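# Observations on the three-dimensional arrangement
What follows is the residue order along each chain.
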Amino acid sequence: FPVTITLAEKHYKPIVGLRPFLSYTNPDNIRKLRELGFDTFEDAFGLDDDALMQSEHLAREAIIKALNQFRKLTAEQRIQWYNNLLPRLRQNRKNFFQHIANQKKKIQEFKIDC
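Nothing here was measured: the structure is a model prediction, and the numbers come from that model.

Before going further, it helps to examine helix 3 (residues 56-71). For helix 3, built from 16 residues, the straight-helix expectation of 22 Å at 1.5 Å per residue is met to within 8% by its first-to-last C-alpha distance of 22 Å. Residues of helix 3 that are buried: Ala59, Ala62, Ile63 and Ala66. In an axial view of helix 3, the angular spread of the buried residues amounts to 95°, which keeps them on one side of the axis. For helix 3, exposure combined with an orientation more than 90 degrees from the buried face picks out His57, Lys65 and Arg71.

Time to look at the nonpolar core. Formed by 24 residues in total, the largest nonpolar core has its most connected members in Leu22, Phe41, Phe45, Leu47 and Leu52. Among the elements of the structure, helix 2 (27-35), helix 3 and helix 4 (75-113) are those that each provide at least two residues to this core. Counting residues per element, this core draws most heavily on helix 4, which supplies five residues. Not counting residues within four places of it along the chain, the set of residues in contact with Phe41 comprises Pro20, Phe21, Leu22, Leu85, Arg88, Leu89 and Asn92.

What counts, and where the lines are drawn
Residues numbered from 1 in each chain as written. Predicted model: local features only at pLDDT ≥ 70, side-chain atom pairs only at ≥ 80, totals over all residues. Heavy atoms only, no water. Helix = DSSP H or I, 4+ residues; strand = E, 2+ residues; numbered from the N terminus. Expected span 1.5 Å × (residues − 1). Buried < 20%, exposed > 50% of the residue type's maximum accessible area, 1.4 Å probe, protein only. Arc of directions from axis to C-beta. Core = buried A, V, L, I, M, F, W, Y, C linked by side-chain atoms within 4.5 Å. Contact = heavy atoms within 4.5 Å.

Pasting the structure below:
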């Protein structure tokens, strides 16, 4: 059956705020985010696309490793890293607002059909 997710605050807050994120969640949620066109930023943190789709323990270890690597960057390096990600972050936010508009349209069409 199709996987449905609710975009919760942990998803939409960083997207709207133009912040890269790693999602420590059910792998189906990550797959669905990608399917909806959202960037999940594993590569930006030096992880492969499936790093967070492994067991809970391996995903947790991957995130810790990525954040420890990120922590070693200087302030200038972090700013450059962020600036390099800005087009992707903007696209994610654009996708988010389009997704919201699509969901609103579905709700309105559902009301009409009832």
